[in-house]
Amino acid sequence: ALYCSPILRARQSADLIGEAVGLAPVELKDLHEINIGSMEGATLEMLDNSHAHFRPWIECSFFGRFPSAEFHHPADLRFPDGEDVYAMAARAVPA
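Since the structure is predicted, the reported quantities are computational estimates derived from the model, not experimental observations.

Participant: What am I meant to see in the overall build of the chain here?
Facilitator: Looking only at helices and strands, the chain features 4 helices and 2 strands. Each helix and strand of the chain, placed in order from N terminus to C terminus, yields the pattern β-α-β-α-α-α. The C-alpha radius of gyration computed for the chain amounts to 16 Å, which surpasses the reference 12 Å derived for 95 residues by more than 25%, pointing to a less compact arrangement than a globule. Projected onto its principal axes, the C-alpha positions of the chain cover 45 × 30 × 25 Å. Looking at the chain residue by residue over its 95 residues, the buried ones come to 25%. The long-range share in the chain, meaning contacts at least 24 apart out of those at least 6 apart in sequence, stands at 44%. For the chain, the accessible surface area stands at approximately 6300 Å², while carbon and sulfur atoms represent 58% of it. Across the chain, the 7 positively charged side chains and the 14 negatively charged ones have centroids separated by 2 Å.

Participant: Even after reading the chapter, I still don't get the pattern of salt bridges, so can you show me in this structure?
Facilitator: Where charged atoms of side chains with opposite charge meet at close range, the side chains can pair. As enumerated under the stated definition, the model contains 9 salt bridges in all. One salt bridge in this structure joins aspartate 48 and arginine 55, with 3.3 Å as the shortest N-O distance. Relative accessible area serves as the criterion here: at 26%, arginine 55 is assigned to the partly exposed category. With its nearest N and O atoms 2.8 Å apart, the salt bridge here joins arginine 55 to glutamate 59. Of this pair, arginine 55 and glutamate 59 both sit in helix H3 (residues 55–62), 4 residues apart, which is roughly one turn of the helix.

Participant: Can you walk me through the packing of aromatic side chains in this structure?
Facilitator: Each aromatic ring pair is specified by the distance between its two centres and by the angle formed by the two planes. Scanning the entire structure with this criterion turns up 3 aromatic pairs. Plain terms: the ring middles of phenylalanine 54 and phenylalanine 79 are 4.8 Å apart, the flat faces sit at 20° to each other, and that makes the pair stacked. In this pair, phenylalanine 54 sits in the loop between helix H2 (44–50) and H3 while phenylalanine 79 sits in the loop between H3 and helix H4 (85–92), placing the two residues 25 residues apart along the sequence. With respect to burial, phenylalanine 54 and phenylalanine 79 carry one shared label: buried. Aromatic pair tryptophan 57 and phenylalanine 62: ring centres 5.6 Å apart, planes at 90°, arrangement edge-to-face. Three or more aromatic residues joined by ring pairs form one cluster here, namely Phe54, Trp57, Phe62 and Phe79. Over the aromatic face of phenylalanine 71 sits the side chain of arginine 65, whose NZ or CZ is 3.4 Å from the ring centroid.

Participant: Explain the nonpolar core to me, please; I cannot follow it from the model alone.
Facilitator: In summary, soluble globular proteins display a tendency toward joint burial of nonpolar side chains. Counting residues in hydrophobic clusters, the biggest one holds 8 residues: Ile36, Met39, Leu47, Phe54, Trp57, Ile58, Leu77 and Phe79. Here leucine 77 is in contact with His53, Phe54, Glu83 and Asp84, once residues within four sequence places are set aside.

Rules used throughout
- Residues numbered from 1 in each chain as written.
- Predicted model: local features only at pLDDT ≥ 70, side-chain atom pairs only at ≥ 80, totals over all residues.
- Heavy atoms only, no water.
- Helix = DSSP H or I, 4+ residues; strand = E, 2+ residues; numbered from the N terminus.
- Rg over C-alpha atoms; globule rule 2.2 N^0.38 Å.
- Buried < 20%, exposed > 50% of the residue type's maximum accessible area, 1.4 Å probe, protein only.
- Contact = heavy atoms within 4.5 Å.
- Areas by Shrake-Rupley, 256 points an atom, 1.4 Å probe, with all protein chains shown as cover.
- Lys, Arg positive; Asp, Glu negative; His and termini not counted.
- Charge placed at Lys NZ, Arg CZ, Asp CG, Glu CD.
- Salt bridge = Lys/Arg side-chain N within 4 Å of Asp/Glu carboxyl O.
- Phe/Tyr/Trp six-rings, centres within 6.5 Å; stacked < 30°, edge-to-face > 60°.
- Lys NZ or Arg CZ within 6 Å of the ring centre and 35° of its normal.
- Core = buried A, V, L, I, M, F, W, Y, C linked by side-chain atoms within 4.5 Å.

Keep in mind these numbers describe shape, not what the thing actually does.
Structure (C-alpha cells):
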C-alpha cells in the first residue's frame, strides 16, 4: 500500500510514486503536518515578533538552519491552539 497525507503536494508526490510502482495512493488525514493552531496564516515576521520562543522552528524550517543542542525546537513546545511534536507523532505513527 502507498499512504499519503491529504495535503496537495503530498498527494502529487504519491501519485508520481504510485505510477512508478503500480500502486494507488490512499490518503490518511492523520498524516497531515503538525497543527500550528493560531499561528496558521501568520507571516514569518509576525511569528518572529510575537512568538520569539519559536525562532528555532522558524529558522530551521524556513531558512535551512540546522538544529543543535543549543538551538532547536523542543518536541514538547506546543503551538498555540495546536499541537506539539509528541501529539503529532501520536496521531501520525498509528496511521
